[in-house]
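# Examining the three-dimensional arrangement
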Amino acid sequence: MGSGPSPNSKTKTTWHIGSWGNPYEGGGRPGKGIITYSLSPNRQRPMATFINKGFWNVVRRSRAQILYFAPPMIIAYSTMQWAIEKNEFYNSKQGRALFGDEE
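Described below are features of the structure shown in this document. (Residues numbered from 1 in each chain as written. Predicted model: local features only at pLDDT ≥ 70, side-chain atom pairs only at ≥ 80, totals over all residues. Heavy atoms only, no water.)

## Details of the overall build of the protein
Put simply, the rule is: Secondary structure follows DSSP: runs of H or I at least 4 residues long count as helices, runs of E at least 2 residues long count as strands, and numbering of each begins at the N terminus. Buried means the residue's accessible area, taken with a 1.4 Å probe over protein chains only, is under 20% of the maximum for its type, while exposed means over 50%, and partly exposed covers the values in between. In this description, accessible areas are obtained by the Shrake-Rupley approach with a 1.4 Å probe, and a residue is regarded as covered only by the protein chains that are shown.
Helices and strands together make up the secondary structure of the protein, namely two helices and zero strands. Buried residues in the protein amount to 5% of all 103 residues. In the form shown here, the protein has an accessible surface area of approximately 10700 Å², with 59% of it arising from carbon and sulfur atoms.

Right under this line is the structure:
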């Protein structure tokens, strides 16, 4: 006769909840209170302004942090250079002659 259920039959509308553990696969009922946002792939351009804005943003943010970063690095480098020179002196002929009997 016609396609689909007859108008006199009692049918129950059900929701397919998807396969095991994935309720979103089968187009199931959306969760209550869950808001989903989406953006077209044609509108997603993560590198669009990287060249003209991204580089200057890095410069601005680095300039603001340089005084927190540079002094400890300079102190650490200077201390390491001093320790290397002192160690080389202690292991040289003159260093062993001066400080060889100590220890």
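What follows picks up the thread again.
## So, a nonpolar patch on the surface
Defined as follows: Surface patches are drawn from residues lacking salt bridges whose relative accessible area is over 30%; two like charges belong together within 9 Å, two nonpolar side chains (Val, Leu, Ile, Met, Phe, Trp, Tyr) within 5 Å. Salt bridge, as used here: a side-chain nitrogen of Lys or Arg that lies within 4 Å of a carboxyl oxygen of Asp or Glu.
On the surface, Ile-66, Leu-67, Phe-69 and Met-73 cluster together to form a nonpolar patch covering roughly 450 Å² of accessible area. By the element assignment, Ile-66 lies in helix 1 (residues 50-90). We classify Ile-66 as partly exposed; its relative accessible area is 42%.

## Quick notes on the packing of aromatic side chains
Selection rule: Any two of the Phe, Tyr and Trp rings considered here, Trp counted by its six-membered ring, make a pair once their centres fall within 6.5 Å; the pair's planes then place it as stacked at under 30 degrees, edge-to-face at over 60, or tilted in between.
Taken as a whole, this structure holds four aromatic pairs when the rule is applied. Between Phe-55 and Trp-56, the ring centres sit 4.9 Å apart and the planes meet at 75°, which makes this aromatic pair edge-to-face. For Phe-55, a relative accessible area of 46% translates into the label partly exposed. On the accessibility criterion, Trp-56 (54% relative accessible area) is exposed. Residues Tyr-90 and Phe-99 carry aromatic rings whose centres are separated by 5.3 Å and whose planes lie at 80° to one another, so their mutual orientation is edge-to-face. Take Phe-99: its relative accessible area is 34%, and that puts it in the partly exposed class. Through successive ring pairs, a cluster of aromatic residues spans Phe-89, Tyr-90 and Phe-99.

## Quick notes on the side chain of Ser-92
Where we set the bar: Whenever two N or O atoms come within 3.5 Å, that pair is a polar contact, provided that in protein one can donate a hydrogen and the other can accept it, and provided that, for residues adjacent in sequence, both atoms are side-chain atoms.
Examined against the element boundaries, Ser-92 turns out to sit in the loop between helix 1 and helix 2 (93-99). Taking relative accessible area as the criterion, Ser-92 reaches 19% and is therefore assigned buried. Polar contacts involving the side chain of Ser-92 include one to the main-chain amide nitrogen of Gly-95, which spans 3.3 Å.

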